[in-house]
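# Geometric and topological summary
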Number of protein chains: 4
Amino acid sequence: MAAIDLNADMGEGYGAYDWGADDILLKYVSSANIACGFHAGDPHTMRKAVAGCLKYGVAIGAHPGLPDRLGFGRREMSITPEEAGDFVLYQTGALQAYVKAMGSRLQHVKLHGALYHMAAKDTQLAEAIVNAIHRLDPELLLYGLSGSEAQAAADKFGIRFIAEGFADRAYLPDGSLVPRHARGAVLESSADIVRQAYTLAVSGQFRTLCLHGDTLKASEHAREIVDYFQKNGITVQKTN
Amino acid sequence: MAAIDLNADMGEGYGAYDWGADDILLKYVSSANIACGFHAGDPHTMRKAVAGCLKYGVAIGAHPGLPDRLGFGRREMSITPEEAGDFVLYQTGALQAYVKAMGSRLQHVKLHGALYHMAAKDTQLAEAIVNAIHRLDPELLLYGLSGSEAQAAADKFGIRFIAEGFADRAYLPDGSLVPRHARGAVLESSADIVRQAYTLAVSGQFRTLCLHGDTLKASEHAREIVDYFQKNGITVQKTN
Amino acid sequence: MAAIDLNADMGEGYGAYDWGADDILLKYVSSANIACGFHAGDPHTMRKAVAGCLKYGVAIGAHPGLPDRLGFGRREMSITPEEAGDFVLYQTGALQAYVKAMGSRLQHVKLHGALYHMAAKDTQLAEAIVNAIHRLDPELLLYGLSGSEAQAAADKFGIRFIAEGFADRAYLPDGSLVPRHARGAVLESSADIVRQAYTLAVSGQFRTLCLHGDTLKASEHAREIVDYFQKNGITVQKTN
Amino acid sequence: MAAIDLNADMGEGYGAYDWGADDILLKYVSSANIACGFHAGDPHTMRKAVAGCLKYGVAIGAHPGLPDRLGFGRREMSITPEEAGDFVLYQTGALQAYVKAMGSRLQHVKLHGALYHMAAKDTQLAEAIVNAIHRLDPELLLYGLSGSEAQAAADKFGIRFIAEGFADRAYLPDGSLVPRHARGAVLESSADIVRQAYTLAVSGQFRTLCLHGDTLKASEHAREIVDYFQKNGITVQKTN
């Protein structure tokens, strides 16, 4: 029987602003990537998100992003590798404090948005980030794109890398993603997304699947995927 | 022979902006309070400040402030005790990550500016902050104002409290500070400041003295105090 | 036949974060108070809000707040009168640029949240703010609390003051608001709110009523108030 | 007798942080580019900078930058043309409010840092920015790089363009700048900078020269250039 981790971004509100459907997602995922205050999240939101994970037994990861709250961390910025490492160290440390103060342990780091994509392509950036993670805690896992520079850097520094698949993105035969702006790149129907999730889960190529929860419909997909997995012998379980 | 800790705020620049004279102060103090990115400081400045402390053997503390960079954390804000605890936990965790990644250990927390003063007067705020510190790491010390609510909270939660004196502030006979806006509240001549530092150091009432380093003149005072201490049998040494 | 202005806050999203139900409110109100980027709002949101007002013929006001996005401008901060004037001038100027670039004219200023309440109580703060508004454009109106220091300052500087009533707040016989935390201070049922709005509108004491739109239910109340006004001979019309 | 405008960036402090030597520069330049709160500057700093310009009879320009205070607006960000236009409109409007409230008139706009360079290369970005400036006030001048996309956009929208030369940068024979990272790209000796300023001033190709004032040495150069100009028959005068 196959087993796979399901991860989703959480704690992406800010102050009075809500975001996503964390309460729903917590019932279905096994890992959460919690925003750390740069692209989204704030001290109160982070505490609430960590508490939610602990309540539902969901593994906790830091989800550091670029210092661009206005752009939700989705715009690339010309930062140096040193800056990238510092941004990740700062944010991961801040979240780690919450996890530690609440009696648990940080499991992983997953980069957010533009930083995720920059670290997938840029060797030096990826190595500076992974080096920072490694110096903070060599037991931390790194979630990321299979075959990326982030994976290469994790291998180099001895950080365990968890390759993730995307339930709502179409793949090319070579395993790479169909570029986002191409026709059919983003799956929209529930049936397509559930089928894709299943295909990825049984492929053996991914240790975790990324689910989106920023809309109500996206949270619905999470529920449907988990239902389908349960009926088809796939166990959702944490990476560790 | 008496011994006393000397502490100073450091790492209070931001991005392209410099602040203070950290390089000079590092030669004289035994403890540094490093800004954590809310009122001042940023990921790069923090790393540089931690590296400076490690180079000079200066004990490292977190110096969390209010989320008010424009006001340098000097303006009081109506925050709840819960928010205060969260702000301190976030910032202390972020700095702790740097210290840990560079192979050392965070020694203490000292609140900054308005937050320092608010926690000296407000029981609930002080307790929420000390509770957060205690949950993060019960070995952390809290530097603060003697007789303050922060001290009472530290006693209550079992956090070791380090009472600090101010070399450049006049004291009333009962040991409290002359209010800042009263005539003569702030000492300005080197001779007065050095004499005051000596009086406080030998009084036995303080475990640490706070030196200011935000101007070149202030860094000069640090040098003169340390010179005078050396000639008069007072050893500058870390709290621990 | 009575006539009254209805105003509501708008453009209070930020980046990827939505807020309120501007599209619904625009159908019912005659004036909008648009956030200017300190407590909420950003360059894109402001442009969208101004465009919405122009489409529906709604008069446009600036809604400046404290520089505290995390607290949505709801927390009091210890700022000087000079800072208060500068904050209002900056934000009002930024919004005015949008209004001007889109071929229209800024009608009024209404302070937001904690700044609104601070300027209602503090003479010096109120005068610094009104002075800044007057120097920018003496034709601007100031919306605010009847009998407040803001009103007194407007009278002193020759700025036209528009006293506003709150449809969802209970009033004491002397015309002051029941303190927010007292029982019954905030009206919750539609029937109560509509009745209160009508009473205020026909009282002749207010030139504008403030409607809330931050929840779907609040937007519903706006619709019900306007329906009731139409059936009972009260015309909703702009201040000018 | 030749005449040329000299411009310099000003008001680039933030809160407690000082920057540059505005007080010295004001004596030598005829135009100032004042930071507007995104990459640097804040409501108080802006007012002080505008007041300084009025005192010395220096023409006032807005100096809008990217929303990246941590990076001082020097890092490129992937923004859309629409965002670029909105950022410029917001900041220019905010500064215009100060100028208007103090009884004067905004003369020009000069983009800052990465935004300056992005608008020199990217047609769509440049056009969106110039369109925003034009809609705000078609009388505003645009200072920028000769032959840039910004100049082309200004020509297209009917905004008067003021080509600027750089006293401390080496030029290639075709009039373009030696790339910054090439050997000899940045002139360092006073003699070289003064000679270069003179050459540019008499070349007839530039209406304004940009002086730097972010270091004490840079302000010294400003003084030396103006001295040399006075002795050699070049008048420093505003663009208008």
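Before reading on, note that the structure itself is shown above.
Below or above, wherever it landed, is the structure these notes cover. Keep in mind it's a predicted model, so treat the numbers as computed, not measured.

This part covers unusual backbone geometry. Peptide bonds are trans in most cases, and residues, glycine excluded, mostly fall at negative phi. All names here are of chain A. Positive phi values are uncommon outside glycine, yet phenylalanine 72 reaches one of about 55°. Here phenylalanine 72 is to be found in the loop between strand 3 (59–63) and helix 3 (81–101). For phenylalanine 72, a relative accessible area of 2% corresponds to the buried category.

Now for the packing of aromatic side chains. This structure, assessed with the given rule, holds 36 aromatic pairs over all chains. Seen from their ring centres, tyrosine 17 of chain A and tryptophan 19 of chain C are 5.6 Å apart, and the 85° between their planes marks the pair as edge-to-face. Within this pair, whereas tyrosine 17 of chain A is found in the loop between strand 1 (3–10) and helix 1 (22–25), its partner tryptophan 19 of chain C is found in the loop between strand 1 (3–10) and helix 1 (22–25), the two belonging to separate chains. Under the relative-accessibility criterion, tyrosine 17 of chain A is labelled buried at 2%.

The next point concerns the packing of helix 3 (residues 81–101) of chain C against helix 2 (residues 43–56) of chain D. Closest axis-to-axis distance for the helix 3 of chain C/helix 2 of chain D pair is 8 Å, and the angle between their directions is 85°. By the criterion of interaxial angle, the relationship of helix 3 of chain C to helix 2 of chain D is roughly perpendicular. Facing Glu82, Asp86, Phe87 and Tyr90 of chain C of helix 3 of chain C, the residues of helix 2 of chain D in contact are Pro43, His44, Met46 and Arg47 of chain D. For the contact of helix 3 of chain C with helix 2 of chain D, a count of residues per class yields four nonpolar, one polar and three charged.

All names here are of chain A. It is the contact of helix 7 (residues 190–203) with helix 8 (residues 216–231), at a shortest axis distance of 9 Å, that shows an interaxial angle of 50°. By the criterion of interaxial angle, the relationship of helix 7 to helix 8 is oblique. The element helix 7 and its partner helix 8 pack so that their crossing is right-handed. Contact residues: helix 7 offers Ser190, Ile193, Val194, Ala197, Tyr198 and Ala201, while helix 8 offers His221, Glu224, Ile225, Tyr228 and Phe229. Here the residues of the contact of helix 7 with helix 8 are counted per class, giving eight nonpolar, two polar and one charged.

Okay, the pattern of salt bridges next. For the coordinates displayed, the defined rule picks out 44 salt bridges over all chains. With a shortest N-O distance of 2.9 Å, lysine 110 of chain A and glutamate 164 of chain A are connected by a salt bridge. Pair noted here: lysine 110 of chain A is in strand 4 (residues 108–110) and glutamate 164 of chain A is in strand 6 (residues 161–166), with a separation of 54 residues, a long-range link. Note on accessibility: lysine 110 of chain A and glutamate 164 of chain A belong to one class, buried. One salt bridge in this structure joins glutamate 82 of chain C and arginine 47 of chain D, with 3.0 Å as the shortest N-O distance. Highlighted residues: glutamate 82 of chain C in helix 3 and arginine 47 of chain D in helix 2, drawn from two different chains. Classification of arginine 47 of chain D by relative accessible area gives partly exposed; the value is 22%. By sharing partners, the salt bridges in this structure join Arg47 of chain A together with Glu82 and Asp86 of chain B into a single network.

What follows deals with the relation of the copies chain C and chain B. Between the two copies of the chain lies a rotation about an axis combined with a shift along it. For the pair chain C and chain B, the best superposition has an RMSD of 0.0 Å and corresponds to a rotation of 180° with a translation of 0.0 Å parallel to the axis. The superposition of one copy onto the other is thereby described by a two-fold rotation axis. If distances are taken from each C-alpha of chain C to the rotation axis, the shortest is found for methionine 77 of chain C, at 2.2 Å. When the interface residues of chain C are mapped onto chain B, 100% of them are again interface residues, pointing to one common binding face.

The subject of this paragraph is the environment of aspartate 227 of chain D. Note on placement: aspartate 227 of chain D falls in helix 8 (residues 216–231). Along the sequence, aspartate 227 of chain D and tyrosine 28 of chain D sit 199 residues apart, while their C-alpha atoms lie 9.2 Å from each other.

With 14 residues, helix 2 (residues 43–56) of chain C extends 20 Å from end C-alpha to end C-alpha; this agrees with the ideal 20 Å at 1.5 Å per step. Buried within helix 2 of chain C we find Pro43, Thr45, Met46, Ala49, Val50, Gly52 and Cys53 of chain C. Elements in contact with the buried residues of helix 2 of chain C: strand 2 (31–35), strand 3 (59–63) and helix 3 of chain C together with helix 3 (81–101) of chain D. Positive backbone phi, approximately 70°, marks glycine 57 of chain C, located one or two places after helix 2 of chain C.

So, how was this worked out
Residues numbered from 1 in each chain as written. Chains lettered and ligands numbered in written order. Predicted model: local features only at pLDDT ≥ 70, side-chain atom pairs only at ≥ 80, totals over all residues. Heavy atoms only, no water. Helix = DSSP H or I, 4+ residues; strand = E, 2+ residues; numbered from the N terminus. Buried < 20%, exposed > 50% of the residue type's maximum accessible area, 1.4 Å probe, protein only. Phe/Tyr/Trp six-rings, centres within 6.5 Å; stacked < 30°, edge-to-face > 60°. Axes fitted to C-alpha atoms, helices over the stretch in contact; angles between N-to-C directions. Parallel < 35°, antiparallel > 145°, perpendicular 65-115°, else oblique. Contact = heavy atoms within 4.5 Å. Nonpolar A, V, L, I, M, F, W, Y, C, P; charged D, E, K, R; others polar. Left-handed = near helix turned anticlockwise from the far one by under 90°. Salt bridge = Lys/Arg side-chain N within 4 Å of Asp/Glu carboxyl O. Least-squares fit on C-alpha atoms with pLDDT ≥ 70 in both. Expected span 1.5 Å × (residues − 1).

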